[in-house]
Amino acid sequence: MNIILFGPPGAGKGTQAKHLVKKLNLFQVSTGDILREEIKKKSEIGKKIINNMNDGKFVSDDIVNQLIKKIVFDPQKKNKLIFDGYPRSIAQANNLDSLLNSTNQKINLIFFLNVNKNIILKRVQKRKTQENRSDDDLNTLLKRYDTYMETTKPVLDFYSKNSNFYEIDGTLEIDQITRKIDTFLNV
Ligand code: AMP
């Protein structure tokens, strides 16, 4: 089972991914977490991406695609992937498609957590006080939201035509969203 969790920043993708990891024994592929780890390690990649991340801009497709390739090709993770925050551009969606094809895998389910901008602003301000993420301050978040609308929303339009695409009201309580997701797992 490979799953994509899709939605704007603050939609609750990470929270639901963790639930699915536990329930289905999947691997969470959070490009945001992987990139933050590179910055923490002060790796070559980390040095290249720190300014973009802190400014709320995307990291280049080349860097992210490279990181994803290793994971999709990892035999231990085959058919156990839950993508959280990837793909975020049409180029990334095409890359994922070809990586999955060449490893005989597919995406079984795509969940779109739909949340409006006002709720996102409230949620992320709360997260800022809990996690202290440098890209959660209001100005950076607004930029991240604009980038989502410009570059990521077209991916949504592309995926929403698939028969395995399910839209879920992301403004519901965490448990309610989890229950909704669970109802589609056996479809
Ligand atoms: P997230 O934790 O998913 O909200 O991601 C935090 C930041 O990491 C984003 O604002 C981007 O700067 C970067 N990032 C995460 N995933 C991607 C991706 N798929 N493509 C480009 N940049 C990404």
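Small disclaimer: the values here were computed from a predicted structure and weren't measured.

Peer 1: Can you tell me about the site of the ligand, naming the residues and giving the values?
Peer 2: Close to the ligand lie 16 residues; Thr-31, Arg-36, Lys-57, Arg-88 and Gln-92 are nearest. Here a nitrogen atom of the ligand sits 2.9 Å away from a polar atom, N or O, in the side chain of Arg-88. Arg-133 places a polar side-chain atom, nitrogen or oxygen, 3.3 Å from an oxygen atom of the ligand. Protein coverage of the free-state accessible area of the ligand, which is 480 Å², stands at 96%. In the shell around the ligand, the residues fall into six nonpolar, four polar and six charged.

Peer 1: Before we move on, can you summarise the nonpolar core with the specific residues and values?
Peer 2: Ile-4, Phe-6, Ile-68, Val-72, Phe-83, Leu-96 and Tyr-159 are the most contacted members of the largest nonpolar core, which totals 28 residues. Of all elements in the fold, only strand S1 (3-6), helix H3 (44-54), helix H4 (61-72), strand S3 (81-84), helix H5 (90-102), strand S4 (109-114) and helix H7 (138-159) reach the threshold of two or more residues within this core. Broken down by element, the residue count for this core peaks at six residues, all from H4. Contact partners of Ile-4, with chain neighbours within four places excluded, come to Phe-83, Tyr-86, Pro-87, Leu-96, Ile-107, Leu-109, Ile-110, Phe-111 and Tyr-159. Of all hydrophobic cores here, the second largest spans 21 residues; its members include Ile-3, Leu-26, Leu-109 and Phe-111.

Peer 1: Can you lay out the packing of helix H6 (residues 117-131) against H7 for me, pointing to particular residues and giving the numbers?
Peer 2: Across the interface, H6 lies against H7 with an axial gap of 11 Å and an inter-helix angle of 135°. Viewed along their axes, H6 and H7 adopt a mutual orientation that is oblique. Of the two elements, H6 crosses H7, and the hand of that crossing is right-handed. Facing Lys-117, Ile-120, Leu-121, Val-124, Gln-125 and Arg-127 of H6, the residues of H7 in contact are Leu-138, Leu-141, Leu-142, Arg-144 and Tyr-145.

Peer 1: Describe in detail helix H2 (residues 31-41), supporting the description with residues and values.
Peer 2: Among all positions in H2, only Thr-31, Gly-32, Leu-35 and Glu-38 are buried. Down the axis of H2, the buried side of the element spans an arc of 125°, and every buried residue falls inside it. Among the exposed residues of H2, those oriented more than 90 degrees off its buried face are Lys-40 and Lys-41. Looking at the packing, one finds that the buried side of H2 touches strand S2 (27-30), H3, H4 and S3. Immediately downstream of H2, the backbone of Lys-42 shows phi near 55°, a positive value.

The rules behind the values
- Residues numbered from 1 in each chain as written.
- Predicted model: local features only at pLDDT ≥ 70, side-chain atom pairs only at ≥ 80, totals over all residues.
- Heavy atoms only, no water.
- Near = heavy atom within 4 Å.
- Polar contact = N/O pair within 3.5 Å; in protein donor to acceptor, adjacent residues only side chain to side chain.
- Areas by Shrake-Rupley, 256 points an atom, 1.4 Å probe, with all protein chains shown as cover.
- Nonpolar A, V, L, I, M, F, W, Y, C, P; charged D, E, K, R; others polar.
- Core = buried A, V, L, I, M, F, W, Y, C linked by side-chain atoms within 4.5 Å.
- Buried < 20%, exposed > 50% of the residue type's maximum accessible area, 1.4 Å probe, protein only.
- Helix = DSSP H or I, 4+ residues; strand = E, 2+ residues; numbered from the N terminus.
- Contact = heavy atoms within 4.5 Å.
- Axes fitted to C-alpha atoms, helices over the stretch in contact; angles between N-to-C directions.
- Parallel < 35°, antiparallel > 145°, perpendicular 65-115°, else oblique.
- Left-handed = near helix turned anticlockwise from the far one by under 90°.
- Arc of directions from axis to C-beta.

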